[in-house]
Protein chains: 2
Amino acid sequence: MTSAEVDDGGADEAPRSVLGRALAVLAAFTDASPELALADIVTLTGLPPATAHRIVAELVAWGALERVGRGRYRIGLRLWRIGALAPTARTLREAALAPMQDLAAVTGHVVHLVVLDGYRALFVERLAGREDHTVRSRVGRDMPLHASGPGKVLLAHSPAAFVEEILGRGLPRLAPGTITDPATLRAALADIRRTGHCLSHEEMTAGVSSVAAPVTAADGRVVAALAVVVPATDPLPPYVPAVQVAAATASRRLGVRPQDRA
Amino acid sequence: MTSAEVDDGGADEAPRSVLGRALAVLAAFTDASPELALADIVTLTGLPPATAHRIVAELVAWGALERVGRGRYRIGLRLWRIGALAPTARTLREAALAPMQDLAAVTGHVVHLVVLDGYRALFVERLAGREDHTVRSRVGRDMPLHASGPGKVLLAHSPAAFVEEILGRGLPRLAPGTITDPATLRAALADIRRTGHCLSHEEMTAGVSSVAAPVTAADGRVVAALAVVVPATDPLPPYVPAVQVAAATASRRLGVRPQDRA
């Protein structure tokens, strides 16, 4: 450890490397708090105010953060541009977008593209339905794996040890249809593997159901789930073929160079 | 400057703060080179190999980078998530997406959402048309301001001093229709302000034209341009009302809280 890394003191939880501290500042920005004052950043990171101020100034100068109003900060356009280079955004999303548009246009419902992120399911794309107010989903937000159609699709294609880990962490009820019993969830996952799709009845939100199917990379790995979100009063089976076609199209496009895509 | 900041020596161009060096590593990843080996990072940043290696390891551990194959790196999902919190992605894109979907569905053509980024126009969203191979545009890529419909819309609503700066930097020809004469471009910008839209004939790519209109924030500032990309053989005026309606809808939605949007 160098003098530069200890001269600020700081809370016990604060990261000790200069880079670790800067990354902690970035990580303070979340979906729940996309705009922060310097005091918030100090509280959330445990960094000494002088350190936080210096790091924020350097991040603003570079474009990773931008100042909004007086003394408030948001993530900057330059960081967005670099984040957009991630394979999930650049490769997966780009392959899936056209079939997602078609699925949204044909069904008139919200369409989601979801990937695994640690123990959670992460929305990487969301297209609007004709009635856009039914679902509060948002790109970059996450949800529990056990309590949604796309989450269960990702879980169904995860290693058994990972599934047991998720079961061990508990299956909290979020809505009337959430599967909270491990044996029932195991059976549901087997069904998803057998049928190639997932019907989800009010598992995450009351009044909202979904139909999901896996998106597969050229090597056969399931890399995402594609889902259409429908009112719980709709019969779900009629949506299955459309979702499967869109997911299959996304899978096929994933294996093809962008300039050669149909 | 502390010992931590000088102990590696390093090339003249290399940034001297620890954080500056880490940001330089991230900035080495671009649309043209989204995947880099450690040796590439060393070359692009001018950092000493040991420093680059240490920074890359810390960025991988945190999730800003991820390792692909052996010794190659890409931007990681965690950085994508944080980048997605930028106002451009979170607020603007979310407001514009539904009208963009409608415009793509009605016209069958590629639809772009474009913002100003320094001296360039930056694609922040791209929806597919029915024939998806006509345009090679990509989210996160940029283009010159003077040589496209959305670029000229952004320029038309920029301060006069900024326009003169762009003119002073030169107007290179990119395609048969590129405006390369300053007086002609000034007149075109005045037309855009007067009519509220822009017709662009093969300015960036031969065979491709576009119709663009401004997206306006609640305070009246033009914050983006929305454009439909059409074959150069199509007459452009019939597209104008649809593009203007979509841009107006995006503008109105920008001023409304997400949960209250129609």
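Being a predicted model, the structure only gives us computed values, none of them experimental.

Draft legend 1. Region of the structure containing the overall build of chain A. A tally of regular secondary structure across chain A gives 10 helices and nine strands. With the principal axes as the frame, chain A shows a C-alpha extent of 60 × 45 × 35 Å. A buried classification covers 56% of the 262 residues belonging to chain A. Look at the contacts in chain A between residues 6 or more apart in sequence, and 54% of them connect residues 24 or more apart. Of the roughly 11,100 Å² that chain A leaves accessible, carbon and sulfur atoms contribute 55%.

Draft legend 2. A look at the UniProt feature "domain: HTH iclR-type" (unreviewed entry) in chain A. Sequence positions flagged by UniProt for "domain: HTH iclR-type" (unreviewed entry) are, in local numbering, residues 16–77 of chain A. With 53% helix and 18% strand, the stretch residues 16–77 of chain A has end C-alpha atoms that lie 27 Å from each other.

Draft legend 3. Quick look at the confidence of the model for chain A. Residue and element names in this part refer to chain A. Overall, the predicted model of chain A reaches an average pLDDT of 90, with 90% of residues at or above 70. Averaged over each element, pLDDT in chain A is lowest for helix H1 (residues 3–6) (38) and highest for helix H7 (residues 149–156) (98). Taken as a whole, residues 1–12 scores under 50 in pLDDT and shows 22 contacts with residues more than four places along the chain or in a different chain.

Draft legend 4. Geometry of the packing of helix H6 (residues 87–107) of chain B against helix H10 (residues 240–254) of chain B. Residues and elements named next belong to chain B. Look at H6 against H10: their axes get within 8 Å of each other, and the N-to-C directions meet at 150°. When the axis of H6 is compared with that of H10, the two are roughly antiparallel. Crossing handedness for the pair H6 and H10: right-handed. Here H6 contributes Thr91, Leu92, Glu94, Ala95, Ala96, Ala98, Pro99 and Leu103 to the contact with H10, which in turn contributes Ala242, Val243, Ala246, Thr249, Ala250, Arg253 and Leu254. Across the contact of H6 with H10, the residue classes tally to 11 nonpolar, two polar and two charged.

Draft legend 5. Here's a closer look at the relation of the copies chain A and chain B. It takes a turn of 180° to lay chain A on chain B, together with a shift of 0.0 Å along the axis; the resulting RMSD is 0.0 Å. Taken together, the turn and the small shift mark the pair as related by a two-fold rotation axis. The share of interface residues of chain A whose copies in chain B are also at the interface is 100%, consistent with both copies meeting through the same surface.

Draft legend 6. Spotlight on the interface of chain A and chain B. Contacts between the two partners involve 64 residues from chain A and, on the opposite side, 64 residues from chain B. Regarding the contact of chain A and chain B, the summed buried area is about 5,300 Å², with carbon and sulfur atoms giving 62% of it. For the pair chain A and chain B, the number of links is 10 salt bridges. Its salt-bridge partner being A:Arg93, residue B:Glu125 comes within 2.3 Å of it at the nearest N-O pair. Joining chain A to chain B, the criterion identifies 20 residue pairs in polar contact (both at pLDDT 80 or more). Residue assignment for the side of chain A that touches chain B shows that the elements contributing at least two residues are H1, helix H2 (18–27), helix H4 (49–62), strand E3 (72–75), helix H5 (77–83), helix H6 (87–107), strand E4 (111–117) and strand E5 (120–127) of chain A.

Draft legend 7. Local environment of the sheet that holds strand E6 (residues 142–144) of chain A. Residue and element names in this part refer to chain A. Here we have six strands laid out as an open sheet, ordered E6-E5-E4-E9-E8-E7, and antiparallel in their pairing. With partners counted over all chains shown, the strands left at the sheet margins are E6 and strand E7 (198–201), one partner each. Mean inter-strand twist for the sheet, computed between neighbouring axes without regard to direction, equals 30°. Bridging between E4 and strand E9 (residues 222–231) involves four bridges; their strand directions are antiparallel. Its bridge partner being in E9, Leu113 is matched across the sheet by Leu226. Contacts from H7 reach E4, E5, E6, E7, strand E8 (208–216) and E9 within the one sheet, and its direction differs from that of E8 by about 35°.

Draft legend 8. Broad picture of the packing of helix H3 (residues 38–45) of chain B against helix H4 (residues 49–62) of chain B. All names here are of chain B. Direction vectors running N to C along H3 and H4 enclose 115°, while the axes themselves pass 10 Å from each other. In this structure, H3 crosses over H4, and the sense of that crossing is right-handed. Listed contacts from H4 to Leu38, Ile41 and Val42 of H3 are Pro49, Ala52, His53 and Val56. Broken down by class, the residue content of the contact of H3 with H4 amounts to six nonpolar, one polar and no charged.

Draft legend 9. Representation of the domain arrangement of chain A. According to the domain assignment, chain A consists of domain 1 (3–81) and domain 2 (85–260). One C-alpha centre belongs to domain 1 of chain A, the other to domain 2 of chain A, and the line joining them spans 34 Å.

Draft legend 10. Main features of the layout of surface pockets. All names here are of chain B. One number sums up the size of the second largest pocket: a volume of about 610 Å³. In terms of lining residues, the second largest pocket is bounded by 23 residues, among which Thr88, Leu92, Arg221, Val222 and Val223 are the most central. Elements represented by at least two residues in the lining of the second largest pocket include exactly H6, strand E4 (111–117) and strand E9 (222–231). Looking at the lining of the second largest pocket, the element that brings in the most residues is H6, giving four residues. The residue inventory of the lining of the second largest pocket, partitioned by class, reads 13 nonpolar, six polar and four charged.

Draft legend 11. Representation of the pattern of salt bridges. Enumeration according to the criterion identifies 28 salt bridges over all chains in this entry. Of the charged contacts, one joins B:Glu94 and A:Arg138 as a salt bridge, the two residues approaching to 3.1 Å between their closest N and O atoms. Pair noted here: B:Glu94 is in helix H6 and A:Arg138 is in the loop between E5 and E6, and the two residues belong to different chains. One salt bridge in this structure joins A:Lys152 and A:Glu203, with 2.6 Å as the shortest N-O distance. Placement of A:Lys152 in helix H7 and of A:Glu203 in the loop between E7 and E8 is noted, with a sequence separation of 51 residues between them. Under the relative-accessibility criterion, A:Lys152 is labelled buried at 3%. A single network of salt bridges, built from pairs that share partners, joins A:Asp31, A:Arg138, A:Arg141, B:Arg90 and B:Glu94.

Draft legend 12. Molecular detail of the pairing of E3(A). Residues and elements named next belong to chain A. Here strand E1 (residues 35–37) pairs with E3 via three bridges, running antiparallel. Within E3, the residue paired with Leu36 across the bridge is Tyr73. One ladder, built from four bridges, connects strand E2 (residues 65–68) with E3; its direction is antiparallel. Note that in E3 the partner of Leu65 across the bridge is Ile75.

The rules behind the values
- Residues numbered from 1 in each chain as written.
- Chains lettered and ligands numbered in written order.
- Predicted model: local features only at pLDDT ≥ 70, side-chain atom pairs only at ≥ 80, totals over all residues.
- Heavy atoms only, no water.
- Helix = DSSP H or I, 4+ residues; strand = E, 2+ residues; numbered from the N terminus.
- Buried < 20%, exposed > 50% of the residue type's maximum accessible area, 1.4 Å probe, protein only.
- Contact = heavy atoms within 4.5 Å.
- Areas by Shrake-Rupley, 256 points an atom, 1.4 Å probe, with all protein chains shown as cover.
- UniProt positions renumbered as here; feature names shortened; annotations may be inferred.
- pLDDT = per-residue confidence, 0-100.
- Axes fitted to C-alpha atoms, helices over the stretch in contact; angles between N-to-C directions.
- Parallel < 35°, antiparallel > 145°, perpendicular 65-115°, else oblique.
- Left-handed = near helix turned anticlockwise from the far one by under 90°.
- Nonpolar A, V, L, I, M, F, W, Y, C, P; charged D, E, K, R; others polar.
- Least-squares fit on C-alpha atoms with pLDDT ≥ 70 in both.
- Buried area = accessible area lost by both parts, 1.4 Å probe.
- Salt bridge = Lys/Arg side-chain N within 4 Å of Asp/Glu carboxyl O.
- Polar contact = N/O pair within 3.5 Å; in protein donor to acceptor, adjacent residues only side chain to side chain.
- Pairing = 2+ DSSP bridges.
- Domains from an automatic or database assignment.
- 1 Å grid on protein atoms, 1.4 Å probe; cavity = no way out; pocket = protein on both sides within 12 Å on 5 of 7 lines; lining within 4 Å.
- Points joined across faces, edges and corners; volume = space filled by probe spheres on them.

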